[in-house]
Amino acid sequence: MNFDSREFDKLTRQAAEMMSDIGDVPILLRSRLGEHHRISRAADEMLTGIETLVRELRSFDASAAKPFIDKAFIDQDAGETDFVVS
Amino acid sequence: MHIPEADLEYLIRTLSEARSRATELAVSIGSRLGGEHRLTQLANSAASGIETTLREIRNGVAEKQDAQPVPRKPEIHTSSPVVASFAEVSGLDAEHWLPAFVQELLAHARLGGGITFERVERLLQQRKDEFLRDFLIARRMYRTYPHLFPEFADRARRATAP
């Protein structure tokens, strides 16, 4: 079975892109609502969570990890997730 | 709460897209490492954080609009004639998501919102998010109670058999 670290590189890249795309959301909310508003705080926490995910993905050694397979519901193809909707 | 309409549109669109991407990431990571792995939990937590922010913004908007009459959200029934006829013409099952999606889109248009690329994208994204959420719940149920899904267990055994 293949457990390709390149797949994790791709996932890491996708997470980093998402972090970049969403990065100005907390800034915009702070400028409109102030930094103490509950929505601004929620956005800050959101970004912190995504930054943690990206950092952990970057430091993750995929080649040393034990793969987990769940073929009953999901079919993986080169890092893409294909869902069969019927 | 005062956020200009254009900013709100941008925020909701950006967060909706990010939520979908984060959910897909969580599914991809979970399928490789399992639901208990720290990375899977971090990915789920990230998706949840986006969901929370989006909900907070929507709640803020709803509070602001409390004094104004809210247009009634169209109810979608798979037994409605439009859904049934579209399903019949397209050859799809009446329970399939596409007829219900088309019906919802037409209902929004009838309420005066029109049909724009942006609205179609947003509605489709909502359908996809709902599907992903249901998918994650179903998968969790399958893992927790595999004996309740003997047909899937048989299929999985056949798929992994040499």
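Residues numbered from 1 in each chain as written. Chains lettered and ligands numbered in written order. Predicted model: local features only at pLDDT ≥ 70, side-chain atom pairs only at ≥ 80, totals over all residues.

Residues A:Val25, A:Pro26 and A:Leu29 constitute the buried set of helix H2 (residues 24–33) of chain A. Each buried residue of H2(A) lies within a common arc of 95° when the element is viewed along its axis, so the set occupies one face. Those residues of H2(A) that are buried are in contact with helix H1 (5–22) and helix H3 (38–59) of chain A together with helix H1 (5–33) of chain B. (Buried ≥ 20, exposed ≤ 12 C-beta atoms within 10 Å, placed from the backbone. Helix = DSSP H or I, 4+ residues; strand = E, 2+ residues; numbered from the N terminus. Arc of directions from axis to C-beta. Contact = placed C-beta atoms within 7 Å.)

Bringing the confidence of the model for chain A into the picture now. On average, residues of chain A score 77 in pLDDT, and 67% of them are at 70 or above. Considering only residues more than four positions removed or in separate chains, one finds that residues 71–86 of chain A, a stretch of pLDDT under 50, has 24 contacts. (pLDDT = per-residue confidence, 0-100.)

Moving on, we get to the packing of H1(B) against helix H5 (residues 117–144) of chain B. Residues and elements named next belong to chain B. With their axes 10 Å apart at the nearest point, H1 and H5 run at an angle of 30° to one another. When the interaxial angle is binned, H1 and H5 end up roughly parallel. Regarding H1 and H5, the two cross each other, and that crossing is left-handed. For the pair formed by H1 and H5, the contact residues are Ser-16, Arg-19, Ser-20, Thr-23, Glu-24 and Val-27 on the first element and Arg-122, Gln-125, Lys-128, Asp-129, Leu-132 and Leu-136 on the second. By residue class, the composition of the contact of H1 with H5 is three nonpolar, four polar and five charged. (Axes fitted to C-alpha atoms, helices over the stretch in contact; angles between N-to-C directions. Parallel < 35°, antiparallel > 145°, perpendicular 65-115°, else oblique. Left-handed = near helix turned anticlockwise from the far one by under 90°. Nonpolar A, V, L, I, M, F, W, Y, C, P; charged D, E, K, R; others polar.)

This part is about the confidence of the model for chain B. Residue and element names in this part refer to chain B. The pLDDT averaged across chain B works out to 77; a share of 77% of its residues lies at or above 70. Mean pLDDT values over the elements of chain B span from 67, in helix H3 (residues 81–90), up to 87, in helix H2 (residues 38–64). This prediction of the complex comes with two scores: 0.56 for pTM and 0.72 for ipTM.

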